[in-house]
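Summary of structural features
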Amino acid sequence: MKTEQVGDSILETWTVDEVQEAFDKNEIVLIDVRTPQEYRFEHIEGALLMPLAFFKAAKLPGQTEKRIVFHCGSGARSEKVARASIEAGFAKIAHMEGGFGAWKGAKKPYIGTNMATGAPHQVS
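This report concerns the structure included in the present document.

Procedures and definitions
Residues numbered from 1 in each chain as written. Predicted model: local features only at pLDDT ≥ 70, side-chain atom pairs only at ≥ 80, totals over all residues. Heavy atoms only, no water. Helix = DSSP H or I, 4+ residues; strand = E, 2+ residues; numbered from the N terminus. Buried < 20%, exposed > 50% of the residue type's maximum accessible area, 1.4 Å probe, protein only. Contact = heavy atoms within 4.5 Å. Pairing = 2+ DSSP bridges. Salt bridge = Lys/Arg side-chain N within 4 Å of Asp/Glu carboxyl O.

Things to note about the side chain of Ser85
- Along the chain, Ser85 falls in helix α3 (residues 76-87).
- The exposure class assigned to Ser85 is buried, which follows from its relative accessible area of 0%.
- Apart from residues no more than four positions distant in its own chain, Ser85 is found in contact with Phe55, Ala57, Leu60, Phe70, Phe90 and Ile93.

Written out as structure tokens, the structure is:
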């Protein structure tokens, strides 16, 4: 995990392995900031959707029990949202390095779309 001091807050950049481990243990809230279309086509099962275009930091869940980790397609949008969350007063926020592309590249499980039927299916 990389960390960056941003004012009085800390911005964390997590690897896909760190995200998967914490997510599997239910230690984090994983928020996908891609578009609804991107999410519908393929997403990490259990990740919440809060598209960048509609992002409101004030509507985020509290952090008393779980850290918030954002992800997008490549890491650029999630870093932007993470910084906006810090500006809104969140002390510790994280985003996933490399985004969903890195997740898929590391062969992590996700929900994809069966191109023959259009139905969602588990990809491992």
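Section: the environment of Asp17
- As for its placement among the helices and strands, Asp17 is situated in helix α1 (residues 16-24).
- Taking C-alpha positions, Asp17 is 8.7 Å from Lys108, a pair spaced 91 residues apart along the chain.

Brief notes about the sheet that holds strand β2 (residues 9-14)
- Strand order in the open sheet made by the six strands is β1-β2-β6-β5-β3-β4, with mixed pairing throughout. Among the strands making up the open sheet, the edge pair consists of β1 (2-6) and β4 (48-49).
- Relative to strand β6 (residues 92-96), strand β5 (residues 67-71) is paired through three bridges, and the arrangement is parallel. Looking across to β6, one finds that Ile68 is bridged to Ile93.

Concerning the pattern of salt bridges
- According to the stated counting rule, one finds nine salt bridges in the structure shown.
- Ionic pairing is found between Lys2 and Glu97, a salt bridge with its closest N-O pair at 2.5 Å. Of this pair, Lys2 sits in strand β1 while Glu97 sits in the loop between β6 and α4 (99-105); the two residues are 95 residues apart in sequence, bridging distant segments of the chain.
- Residues Glu21 and Lys25 are paired through a salt bridge, measuring 3.1 Å at the closest nitrogen-oxygen approach.
- Members of the salt-bridge network, linked through shared partners, are Glu4, Glu79 and Arg83.

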